[in-house]
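Residue strings, one per chain:
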Amino acid sequence: MFRTHTCGELTLANINEKVTLSGWVSTIRDKGFMIWIDLRDRYGITQIILDEDRSSKTLFDTARTLGREYVIQVKGTVIERASKNPNIPTGEIEILAENITILNESALPPFTIEDQTDGGEDIRMKYRYLDIRRNPVKDKLIFRSKVAQEVRKYLDAQEFVEVETPVLIKSTPEGARDFVVPSRMNPGEFYALPQSPQTFKQLLMVGGLDRYFQIVKCFRDEDLRADRQPEFTQIDCEMSFVEQEDIMNVFEGLAKHLLKTFKGLEFEQFPRMTFAEAMRRYGNDKPDIRFGMEFGEITDLAKGKDFKIFDEQELIVGIAAQGCNSYTRKDIDKLIEWVQRPQIGAAGLVWVRYNEDGTFKSSVDKFYTQEDLAAWAERMHAKPGDLILVMSGNTNKVRAQLSALRMEMAERLGLRNPEVFAPLWVVDFPLLEWDEETERYHAMHHPFTSPKPEDMELIDTNPGEVRANAYDLVLNGNEIGGGSIRIFDKNVQARMFELLGFTPEQAEAQFGFLMNAFRYGAPPHGGLAFGFDRFVSILDGSETIRDYIAFPKNNSGRDVMIDAPSPIDDAQMEELFIASTFQK
């Protein structure tokens, strides 16, 4: 066999044992009369020693041909290490080598395979298979695997059945853009890769499986960010004969199980907040509640004081940045520049210093008295020593802008501690969103989300006010899961399609299979999907999912390691009935 032990398990208990290890050469130190080799595998590092009193010249010669990342096998005896290394589990022993076999040579790696590497992100992504040898990457992939096992363990105990759903499906117009796959057997027709297994898990409920889950790949052709990839993984779940509360209890239980298992944290019932409250207090539907800095609306206090900028706006709202009264004017100017960037799009920022002596100094002293500014401070729960930051504009737009500023200030003030976890349910989302450009409603979640029963009568009279029977699980300012009670009545589903602008013919063409299934006794059902990559990264103290994916894409959606996507040749294009002129 290639090894009797791994490079991470030998201790003083193994002294004088004959062992065989295999792995990669991490480092070599040659003192002439003595050679040390750090041998690495997935499990750790073991030091190999050769010395001229106990090792043959042939063995020395072989050792001196080794390079970094050579794959070798070492046979020898476990001895006590003279100079111990308390930083590694094997630091009290070393292997006195008796034989070294080179299993494979290695070219010089383009970066050092160490925890603190000299390789930039681009080069490490190109040579991802080398990057995976580094502990920071390897440990993240192992952590991901352990989380997946705990998910399966929990859901299996809850009597969920793991079912695989198709990867080649029908393209639908709702949601993000589909990745499409041409069909050779059906000229001019295309499959789509699933954005989620939504309709299939509903059909499984019609099929009577009752509780389904799947850790499943999903695909969305959309712009990328640190927490997005074109292909990603969901913990996808569905349940029959349940109401919203049943689903939230089960999956709050899963979140609690993972937080306890991996972080040692126990929680009472997660807090809940309506969508409207989240927008009013934090400006977004996935608020980070690890810290305060809640919005204070001062529209009624700030208008009518001859400050034209405020008088013309729909909403005036601000936050109090704790202890930031010490910001210089230059610091504040940089903040103003930050909010004026195209990504934020604010016109400007009004500031108010809350001095330690209880007085105020602001950029609008010409228009507002000390009493006016004190009223602002009260609305924002500001204290002496704080810096009040105020923005104004269209309600939805300014809330989004101030939310971005709130998160930026929290980052600067060190309030987003990755070891602090603050889960939250957000409920009562609007069912529909009006799109000014297309002049029609879009589903805020997806077309299969049920209206709240008490709002059902508003569908015909005031559809924009209908609330969805939907819920999102938020953790540290990130949506980690979302779901809803589904429509299971074919007449309600038909009305929903009508509100979304589908003609009966279009609805039949896109979703006729689901509507037909509802004719055969669909049970009440609902579900939830966790963003697995995102949940794993947050559990491990990071918000960048790329590090937890074995072979991720870059910010342009490219796999630079295999150089994909790439053109295909004319023969393939013709076979797929795609004109070759579409090629680059």
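Residues numbered from 1 in each chain as written. Predicted model: local features only at pLDDT ≥ 70, side-chain atom pairs only at ≥ 80, totals over all residues. Heavy atoms only, no water.

K.L.:
Go over the overall build of the chain with me, naming the residues and quoting the values.
P.N.:
The helix and strand inventory of the chain stands at 17 helices and 22 strands. When its C-alpha atoms are laid out on the principal axes, the chain stretches across 90 × 75 × 55 Å. A sequence separation of at least 24 residues applies to 65% of the contacts in the chain between residues at least 6 apart. Put simply, the chain shows about 28,900 Å² of open surface, and 49% of that area lies on carbon and sulfur atoms. Here the chain carries 70 positive and 94 negative side-chain charges, and the mean point of each set is 4 Å from the other. (Helix = DSSP H or I, 4+ residues; strand = E, 2+ residues; numbered from the N terminus. Contact = heavy atoms within 4.5 Å. Areas by Shrake-Rupley, 256 points an atom, 1.4 Å probe, with all protein chains shown as cover. Lys, Arg positive; Asp, Glu negative; His and termini not counted. Charge placed at Lys NZ, Arg CZ, Asp CG, Glu CD.)

K.L.:
Please provide a residue-by-residue account of the environment of Ile-123, values included.
P.N.:
Relative to the helices and strands, Ile-123 resides in helix 2 (residues 121-126). According to the relative accessible area criterion, Ile-123 is partly exposed, its value standing at 29%. Residues within four places of Ile-123 in sequence aside, it is in contact with Pro-110 and Phe-111. (Buried < 20%, exposed > 50% of the residue type's maximum accessible area, 1.4 Å probe, protein only.)

K.L.:
Which residues make up the side chain of Arg-546, and what are the values?
P.N.:
Here Arg-546 lies in the loop between helix 16 (532-539) and helix 17 (570-575). The exposure class of Arg-546 is buried, given its relative accessible area of 10%.

K.L.:
Help me get a handle on the side chain of Lys-452, residues and values and all.
P.N.:
In this fold, Lys-452 is placed in the loop between strand 19 (440-443) and helix 13 (458-461). Engagement of the side chain of Lys-452 in a polar contact is seen with the side chain of Asp-428, the distance being 3.3 Å. With near-sequence residues (within four places) excluded, Lys-452 lies in contact with Gln-244, Asp-428, Arg-467, Ala-468 and Asn-469. (Polar contact = N/O pair within 3.5 Å; in protein donor to acceptor, adjacent residues only side chain to side chain.)

K.L.:
Quick one: what's the story with the pattern of salt bridges, residue by residue and with numbers?
P.N.:
One pass over the structure, following the stated rule, counts 48 salt bridges. Residue Asp-288 pairs with Arg-416 through a salt bridge whose shortest N-O separation is 3.2 Å. Taken together, the residues span a long stretch of sequence, with Asp-288 in the loop between helix 7 (275-282) and strand 12 (296-297) and Arg-416 in the loop between helix 12 (395-412) and strand 17 (423-427) at a distance of 128 residues. For the pair Asp-288 and Arg-416, a shared accessibility class is recorded, and that class is buried. Two residues, Glu-498 and Arg-495, come together in a salt bridge whose shortest N-O distance is 3.4 Å. You can see Glu-498 and its partner Arg-495 sitting in helix 14 (residues 490-499), 3 residues apart, about one turn around the helix. Since its relative accessible area comes to 51%, Glu-498 is described here as exposed. One salt-bridge network, held together by shared partners, links Asp-288, Arg-290, Glu-411, Arg-416 and Glu-543. (Salt bridge = Lys/Arg side-chain N within 4 Å of Asp/Glu carboxyl O.)

K.L.:
Requested: an account of the state of the cysteines, with residues and values cited.
P.N.:
In total, this model carries 0 disulfides according to the counting rule given. Note on Cys-237: no disulfide assigned, nearest cysteine sulfur contributed by Cys-218 at a separation of 12 Å. (Disulfide = S-S within 2.5 Å.)

K.L.:
How would you sum up helix 6 (residues 244-263)? Please name residues and give values.
P.N.:
An α-helical turn contains 3.6 residues, so any two residues separated by three or four positions project in the same direction. If you check helix 6, its first and last C-alpha atoms are 28 Å apart, about what 20 residues at 1.5 Å a residue would give, namely 28 Å. Buried within helix 6 are the following residues: Gln-244, Ile-247, Met-248, Val-250, Phe-251, Glu-252, Gly-253, Leu-254, Ala-255, Leu-258 and Leu-259. Looking at the residues trailing helix 6, positive phi occurs at Gly-264, about 70°. (Expected span 1.5 Å × (residues − 1).)

K.L.:
Help me get a handle on the packing of aromatic side chains, residues and values and all.
P.N.:
On inspection of all chains with the given rule, the structure shows 21 aromatic pairs. Taken together, a centroid distance of 4.9 Å and an interplanar angle of 40° make the contact between Phe-307 and Phe-367 tilted. Of the two residues, Phe-307 sits in the loop between helix 8 (299-302) and helix 9 (308-311) while Phe-367 sits in the loop between strand 15 (360-362) and helix 11 (370-379), which places them 60 residues apart along the sequence. The exposure class assigned to Phe-307 is buried, which follows from its relative accessible area of 9%. What links up through ring pairs into an aromatic cluster is the set Phe-307, Phe-310, Phe-367, Tyr-368 and Trp-376. Here the basic side chain of Lys-256 rests over the ring of Phe-270, its NZ or CZ set 5.6 Å away from the ring centre. (Phe/Tyr/Trp six-rings, centres within 6.5 Å; stacked < 30°, edge-to-face > 60°. Lys NZ or Arg CZ within 6 Å of the ring centre and 35° of its normal.)

K.L.:
How would you explain the environment of Thr-233 if you had to name every residue and give the values?
P.N.:
Here Thr-233 lies in strand 10 (residues 231-240). Beyond its immediate chain neighbours, meaning those up to four positions away, Thr-233 contacts Arg-144, Ile-215, Val-216, Lys-217, Phe-530, Gly-531, Phe-532 and Asp-533. A polar contact of 3.1 Å, which involves the side chain of Thr-233, links it to the side chain of Arg-144.

K.L.:
Give a description of the sheet that holds strand 4 (residues 71-80) that names residues and reports values.
P.N.:
If you trace the 5 strands once around the closed barrel, you get 1-2-3-5-4, paired in mixed fashion. Neighbour-to-neighbour, the strand axes of this sheet turn through a mean angle of 55°, independent of strand direction. The pairing of strand 1 (residues 18-30) with strand 4 spans 7 bridges and is antiparallel. Bridge pairing links Thr-20 to Lys-75 in strand 4. (Pairing = 2+ DSSP bridges. Axes fitted to C-alpha atoms, helices over the stretch in contact; angles between N-to-C directions.)

K.L.:
Could you give me a rundown of the sheet that holds strand 16 (residues 387-393), with the residues and numbers involved?
P.N.:
Pairing within the open sheet is antiparallel, and its 5 strands lie in the order 12-13-16-14-15. Edge positions in the open sheet fall to strand 12 and strand 15, since each of these has one partner strand only. Where strand 14 (residues 350-354) meets strand 16, 4 bridges bridge the pair, whose relative direction is antiparallel. Looking across to strand 16, one finds that Val-352 is bridged to Ile-388. Strands in contact with helix 11 are strand 12, strand 14, strand 15 and strand 16; relative to strand 15, the strand with the most contacts, it is inclined by about 95°.

K.L.:
Got a sec to walk through the nonpolar core? Specific residues and values, please.
P.N.:
Among the nonpolar cores identified, the biggest contains 38 residues, and Val-151, Leu-155, Phe-251 and Phe-530 are the most heavily contacted of them. Broken down by element, the residue count for this core peaks at 8 residues, all from helix 6. Every residue in contact with Val-151, bar those within four places of it in the chain, is listed here: Ile-215, Ile-235, Leu-254, Leu-258 and Phe-532. Counting residues in hydrophobic clusters, the runner-up holds 31 residues, among them Ala-443, Ile-487, Met-496 and Phe-518. (Core = buried A, V, L, I, M, F, W, Y, C linked by side-chain atoms within 4.5 Å.)

Just distances and angles here, no functional claims.
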